[in-house]
Amino acid sequence: MDHMETDYTRNFKFSSWRRVLTFAQPYRFTMILLGIFMILVAGVDIFMPLMTRYAVDNFIVPGVTSGIGYFAAVYVIILLFQAVSVAIFILLAGKVETGVSYRIRKAGFAKLQELSFSYYDRSSVGWLMTRLTSDTTKLSEIIAWGLVDLVWGGAIMIGVTVVMVILDWKLTLWVLSVVPLLFWVSQKFQVMILASYREVRKTNSKITSSFNEGIMGAVTTKTLVREADSLREFTELTTRMFNASFRAAVQSSMYMPLVQVASMIGAAFAIWFGGNGVIAGGISYGMLVLFLSYAAFFFQPVQEMARVFAELQNAQAAVERITSLIETDPDIRDDMETILPVSRPLQGDVRFEDVTFEYKRGQKILNHFDLEVNAGSTIALVGETGGGKTSIISMVCRFYEPTSGRILIDGRDYTRYPLQWLQSHLGVVLQTPHLFSGTIMENIRYGRLSATDEEVILAAAQVQADTFISKLPDGYHTAILEGGTNLSTGQKQLISLARAIIANPVILIMDEATSSVDTQTEQLIQVAIEKLVKGRTSFIIAHRLSTIRNAHRIIVIEKGRIIEDGNHADLIKLKGKYFKLYTDRFQIEVTDPGMDLK
Amino acid sequence: MAGNRLLYGGAILAIAFETIFMYMSPLVVRSTIDSIIGDKPFAGSGFILRIVDIAGGISFLKTNLWVVAILLVAIAIIRGIFTYLTGRWSSNASESIALKLRESLFAHLQSVPVHFYSRWKIGDLIQRCTSDVETIRKFLGVQVVQVGKSIIMLSIVIPILIMLNAKMAALSLITVPFILTFAVIFFLKIKSVFQIADESEGAMSAVLQENLTGIRVVRAFARQDFEIEKFEERDDAFRNHVYRLIRILGVYWGISDTLVYTQSGIILIMGTYWTISGQITLGTLVAFIAYVEFLLWPIRVTGRTLTDLGKAMVSLGRVREILEEPVEDISGWSGSNERLMGNIEFRHTGFRYDDYTSVLHDISLSISAGQTVVIMGPTGSGKSTLVHLLPRLWDYREGSVTIDGRELNTIQREYIRSQVGIVLQEPFLFSKTLEENIRLGKIGNPGESDIIEASRIAAIHDEIESFEKGYDTVVGERGVTLSGGQKQRIAIARAILQNPAVLIFDDALSALDTETESRIRQALVTRKGTSTTIAIAHRISTAIHADMVVVIENGRITHTGTHSELIAKDGFYRRLWEMQKVQDNLTADEERN
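Keep in mind that this is a model prediction, so the values were computed, not measured. (Residues numbered from 1 in each chain as written. Chains lettered and ligands numbered in written order. Predicted model: local features only at pLDDT ≥ 70, side-chain atom pairs only at ≥ 80, totals over all residues.)

Enquirer: In this structure, what is going on with the overall build of chain A? I would like to understand it.
Expert: A tally of helices and strands in chain A yields 20 helices and twelve strands. By the compact-globule yardstick of 25 Å for 598 residues, chain A is too spread out, its C-alpha radius of gyration being 36 Å. Burial analysis of chain A (598 residues in total) assigns 47% to the buried set. Taking the contacts inside chain A whose residues are at least 6 apart along the sequence as the reference set, 80% of them involve residues at least 24 apart. (Helix = DSSP H or I, 4+ residues; strand = E, 2+ residues; numbered from the N terminus. Rg over C-alpha atoms; globule rule 2.2 N^0.38 Å. Buried ≥ 20, exposed ≤ 12 C-beta atoms within 10 Å, placed from the backbone. Contact = placed C-beta atoms within 7 Å.)

Enquirer: Can you help me understand the overall build of chain B in this one?
Expert: Within chain B, the regular secondary structure consists of 23 helices and ten strands. Compactness check: chain B gives a C-alpha radius of gyration of 37 Å against a globular reference of 25 Å for 593 residues, more than 25% above the reference. The dimensions of chain B, computed from C-alpha atoms along their principal axes, are 130 × 60 × 50 Å. Within chain B, contacts between residues separated by at least 24 positions form 77% of all contacts whose residues are at least 6 apart in sequence.

Enquirer: Would you take a moment to explain the sheet that holds strand S9 (residues 548-553) of chain B for this structure?
Expert: In a beta sheet, neighbouring strands pair by backbone hydrogen bonds and run either parallel or antiparallel. Residues and elements named next belong to chain B. Spatially, the six strands line up as an open sheet ordered S6-S7-S8-S3-S9-S10, and their pairing is mixed. Edge positions in the sheet fall to strand S6 (420-423) and strand S10 (556-561), since each of these pairs with one other strand and no more. Going across the sheet, the axis of each strand differs from the next one's by a mean of 20 degrees, ignoring polarity. Here helix H18 (residues 484-498) sits on the sheet and contacts S6 and strand S7 (502-505); the angle it forms with S6, its principal contact strand, is near 170 degrees. (Pairing = 2+ DSSP bridges. Axes fitted to C-alpha atoms, helices over the stretch in contact; angles between N-to-C directions.)

Enquirer: Could you clarify how one ought to interpret the confidence of the model for chain A in this entry?
Expert: Close inspection of predicted coordinates is inappropriate for parts of the model with low pLDDT. All names here are of chain A. Across chain A, the average pLDDT comes to 83, with 92% of residues at 70 or higher. Low pLDDT, under 50, characterises residues 1-9; the predicted model gives this stretch 17 contacts beyond four residues in sequence or across chains. When the criterion is pLDDT under 50, residues 586-598 qualifies, and its contacts beyond four places in sequence or with other chains add up to 29 contacts. (pLDDT = per-residue confidence, 0-100.)

Enquirer: Sorry if this is basic, but what is going on with the nonpolar core here?
Expert: Here is a general trend for soluble globular proteins: nonpolar side chains tend to be buried in one another's company. One finds Ile271, Phe291 and Ala498 of chain A to be the most contacted residues of the largest nonpolar core, which totals 214 residues. Counting residues domain by domain, this core receives three or more from each of domain 1 (1-164) and domain 2 (166-279) of chain B. Setting aside residues no more than four positions away along its own chain, Phe291 of chain A makes contact with Met164, Leu171, Val175, Ala270 and Gly274 of chain A. Core analysis: the second largest hydrophobic core is formed by 73 residues, Phe351, Val502, Ile504 and Val551 of chain B among them. (Core = buried A, V, L, I, M, F, W, Y, C linked by C-beta atoms within 7 Å. Domains from an automatic or database assignment.)

Enquirer: Hey, could you run me through the sheet that holds strand S10 (residues 537-541) of chain A in this one?
Expert: Residues and elements named next belong to chain A. If you walk across this open sheet you meet the six strands as S6-S9-S10-S3-S11-S12, and the pairing is mixed. Looking at which strands have only one partner, the edges of the open sheet turn out to be strand S6 (426-429) and strand S12 (561-566). Neighbour-to-neighbour, the strand axes of the sheet open up by a mean angle of 15 degrees, direction not taken into account. With four bridges connecting them, strand S3 (residues 378-383) and S10 associate as parallel partners.

Enquirer: Before we go on, may I ask you to explain unusual backbone geometry in this structure?
Expert: Leave glycine aside and you will find that most residues have negative phi; peptide bonds, for their part, are mostly trans. Residue and element names in this part refer to chain A. Its identity as a non-glycine residue notwithstanding, Val225 has a phi of 50 degrees, on the positive side. Along the chain, Val225 falls in the loop between helix H7 (218-223) and helix H8 (227-280). With 20 C-beta atoms packed within 10 Å, Val225 lands in the buried category. Even without a glycine there, the phi angle at Lys575 is positive, about 55 degrees.

Enquirer: Please clarify how the pairing of S12 of chain A should be interpreted in this entry.
Expert: Sheet faces and side chains relate simply in a regular strand, where the side chains alternate between the two faces. Where strand S11 (residues 553-558) of chain A and S12 of chain A come together, five bridges link them in antiparallel fashion. Looking at the pairing, Val556 of chain A lines up with Glu564 of chain A of S12 of chain A.

Enquirer: I tried to follow the pairing of S7 of chain B on my own but got confused; where do I start?
Expert: Residue and element names in this part refer to chain B. What you see with S7 is no split at all: Val502 and Ile504 on one side and Leu503 and Phe505 on the other are buried throughout. When S7 meets strand S8 (residues 532-536), the two strands line up parallel, connected through four bridges. Following the sheet pairing, Phe505 is matched in S8 by Ala535.

Enquirer: So what exactly am I meant to see when it comes to the interface of chain B and chain A here?
Expert: How large an interface is tends to be reported as the accessible area lost when its parts come together. Contact residues are listed per partner, giving 131 residues for chain B and 140 residues for chain A. Residue classes in the side of chain B that touches chain A are distributed as 65 nonpolar, 40 polar and 26 charged. (Nonpolar A, V, L, I, M, F, W, Y, C, P; charged D, E, K, R; others polar.)

Enquirer: Mind showing me how you'd approach the environment of Ile344 of chain B here?
Expert: All names here are of chain B. Along the polypeptide, Ile344 turns up in strand S1 (residues 344-352). Distance in space between the C-alpha atoms of Ile344 and Asp507 is 20 Å, their sequence separation being 163 residues. Not counting residues up to four positions away in its chain, the partners in contact with Ile344 are Ile367, Ile403, Val502 and Thr532.

Enquirer: Could you clarify how one ought to interpret the packing of helix H14 (residues 453-462) of chain A against helix H16 (residues 489-502) of chain A in this entry?
Expert: Residues and elements named next belong to chain A. H16 packs onto H14 with a crossing angle of 125 degrees between their chain directions and a minimal axis gap of 8 Å. Classed by the angle they form, the pair H14 and H16 counts as oblique. Where H14 crosses over H16, the two elements pack in a sense that is right-handed. Only Ala498, Ile501 and Ile502 of H16 make contact with H14, whose side of the interface consists of Glu455, Val456, Ala459, Ala460 and Gln462. Counted by class, the contact of H14 with H16 contains six nonpolar, one polar and one charged residues. (Parallel < 35°, antiparallel > 145°, perpendicular 65-115°, else oblique. Left-handed = near helix turned anticlockwise from the far one by under 90°.)

Enquirer: What is the right way to read H14 of chain A from this model?
Expert: What sets the pattern is the α-helix's 3.6 residues per turn: residues three or four places apart point alike. Residue and element names in this part refer to chain A. Within the sequence span of H14, burial applies to Val456, Ile457, Ala459 and Ala460. The buried residues of H14 all sit within an arc of 160 degrees when viewed along its axis, so they share a single face. Gln464 occupies a position one or two residues after H14 and carries a positive phi of about 65 degrees. (Arc of directions from axis to C-beta.)

Enquirer: How do you make sense of the packing of helix H5 (residues 125-175) of chain A against helix H9 (residues 285-314) of chain A when you look at a structure like this?
Expert: A pair of packed helices can be characterised by two numbers: the angle between their axes and the separation between those axes. Residues and elements named next belong to chain A. Orientation of H5 relative to H9, taken along the N-to-C sense of each, is 145 degrees, at an axis distance of 8 Å. Crossing geometry of H5 relative to H9 is assigned as left-handed. For the contact of H5 with H9, a count of residues per class yields 20 nonpolar, two polar and four charged.

Enquirer: Is there a simple way to think about the environment of Ile54 of chain B in this case?
Expert: Along the chain, the position of Ile54 of chain B falls in helix H2 (residues 46-54). The sequence separation of Ile54 of chain B and Val176 of chain B amounts to 122 residues, and the corresponding C-alpha distance is 40 Å.

Enquirer: For this particular structure, what's the right way to read the environment of Ala454 of chain B?
Expert: Residue and element names in this part refer to chain B. You can see Ala454 is positioned in helix H16 (residues 448-457). Its 26 C-beta neighbours within 10 Å are what place Ala454 among the buried residues. As a C-alpha pair, Ala454 and Ile490 span 36 residues in sequence and 9.1 Å in three-dimensional space. Beyond its immediate stretch of four places on either side in the chain, Ala454 contacts Ile438, Ala493, Ile496 and Leu497.

Quick look at the structure:
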């Protein structure tokens, strides 16, 4: 289940590539054209030494200069043709590369918008980001430039071999005798080198997280006086990094000379047997020069092709990871067969019917849970951390669905409503307020994209956010910095409250929405919240009793069950759990009779 | 560094040898074609002639060409050995430098004062420590060698060409200035395009990251389509910028190929003329055709090298900026590392941040060893700053603070921090097991029972036990997400285990629910006397049992006293109490029953 730990196969499997290659589908003509251009380029590359041979045999050896003008003209035409072809193939490959990665990203992102939270619970943000950034880039590069290298290299090797065989097959055999060995060695080396680089990358990402931790936890490190320990741990990592990188570099530096030597063995055979041929008279000077060039030339693509093959193998993991992301079906989605059309506006009656919820198998958070909430009422959920409060509201939001039992909204099983339609009636304010980059104005407007500036300001004013926003240098147009570092948590909570208000939701959910707002501001917001919850079904989780006291119903949850249910006065009279929570909080001897207890 | 210089020296030397052997093979081929296979007189120095004689003389070689073949392979092998050594030594040097750079950055980042982190952005710092170091490493590993190679190649090949034939040599160099100028200008120009592409990738990743971290908000407002549109816009922009870059590169390689082929063409055609007119031999022509490739290659990459040099210099500058930041002063009195008592005295203490915003004024406060003090006040009033002065995270600028009678800023930081434990408002856990995280605060090796006891007091033990791996659960691994409250309690357990002379809770109790908080409070009360405890709090319930409550407003102490003293006075505390005082009725109600 936990795909971050899944071991992906290391062997090349075409089946998993097929899915990824569908992203290249719209570019198939571009790719065919690219292949044609690569063959043309290779053709000219092969043809160039023939020009030299022609010059040697037809001008130099006989000592004739007539026709050399034509020769030069042909040369110029070929070189211009080649220059244009090179530019075009780079263009085409670039189009394929950028197009394929664009489409993979687009599909992946759209899928991420659909996937359920259970998927997000299993995958870290970093893991998901890597799929759509470096994995995608790597893959599209291999598809586009791998094609370039393979077609060009293949064409060169085949072309050179064909030309050589036509000219002198025996000499060809000698020149190419080392090729099988070279291929074998290349393959071995490239796999080894890539394995080393994989280790380098792995260690590198550990170093990055170490820096991250060192910086994020700098103050903690200082207060615990563990600078020396951290540095020691970090040194272990950098040492590992050095060893891995050095090994990879050494392997690469060993491989290069091997190819050079193999190529020289080919040339040596050419000069030995070809030279004998020239002396004996069967081979021309031009031919000898040609074979010498070809010997060097044939081996040029070997290195490139070995690299491409090894990279294909290495990219297998990336392919499988991307495929797994794109092919994952969301746990929660609209079932077209059971979904019913929506005919009237949502009222907001919510009913839990015998709901059991397991976050992980066998770990029941809610157990045969029943709850009926009338439209427009305010429900406060109270209880210890881990008791199931957050699970209840997550299920109301349909972030998760019940493991068994059902949830009815306006009397209909809520899985029969279109998911997006349902969620568009929600307003959610979370404990850790997430703001997007952009201005404060844009962030509040996220709740309702059509809201005017005046409406945004009104919403902010309702939650007392107007005061601090207007004190900021750019007011509502103040840009929110990465991570919202220019605002306090309390301020961010106010903005996200305004964002929920402007959405004018039928069902409002607040999970510790104002925990970091100071008591005085909270007191002011309290008035706003009271206005806000009017006419909406509201679920509120709060530690502050002031927020809870005015709820129509207070539900005390313990271990996934409702143990107390009633309004403030009822529960106080009951002298149960709520009473205890309440008194624990305010054990004060002073008496001030009168208010609040009806 | 000296070791690395030696390695680089060795690498450059190896390149020189590699180049010499690389150039040797065309010469051998030339002599073979002209004088062994052909009938031209052997042109060469006495040294080479002697080698030929040793090998058996020209007539012997004519019938035994295999000797030449073996010579060529031998040259390739020797060249290969030097290629290998170049790679080995240069990567050893560049990796060592990268290793040192990383380590000094890490060490430096740990020894800079806290205010450093309020001036720098985390993302920027990480960028400098990772990608900038990588840029430098790549430049050192690849380009330094490349530059050395280019210089050596040119300085060897040009004399050889001139030696072979001066006129042909001049001809071979004819397009060099053009290629060089073109390459340099081009890469300088394209720099901005590279940068734009990088930036657009950054913008795209940022949207992706924001979406993923805020996925709950996206879903809650059903903004999927809006998000998809936003992402596609960035995705498309990124595609277009990269494509534009590739297009420009395509044109560059097209033109530079034209220039290179033109050079080869000039050599071929003019060489043909001169060979026919007898000015040069066929072997010389073949050698020139081979050398032109060697000559053009380093020139073609010059532009690239210069661009990379530019980038590496920028990166080096950025890394230096961090390394040049002053570090914390680590001198001072450290006693004999014995435990402090925990008597704290502030006298007219004042503090302001570097931007001159005053945070604390004229703080005078006396706390006796073992007391529990609760600090309250509105957000931004300076409560956190005040408690951060004690472990010397910040240094006060006015007045004095003493601990056990000794001036705080004369006490060594490491020592005072081992004596003053603080649970931060936003607790940070390391990606280690929970047990290790709790253990971090303790010097020495606490037993398992101590760890469990600390966790019990922090009301986290049962929850840890309910995890699949219990205390061996690794923070942040495999989707292990701890809630803010859980993190806080682990940090509290850590501080309890540390058992410092002074224990500070920097608003560390507010993320907990009331019941948990009161459990922790009670547990701390039972061990009262062992540590001086200072807690920043919002809830009256936290303050009720404190020996002293301190109210800070706008950086000044406005009230001190016990709970019952403070509610008798008009002010912040009483207002706060009144806001939260519903329970009064309750108690009254209870009394009536």
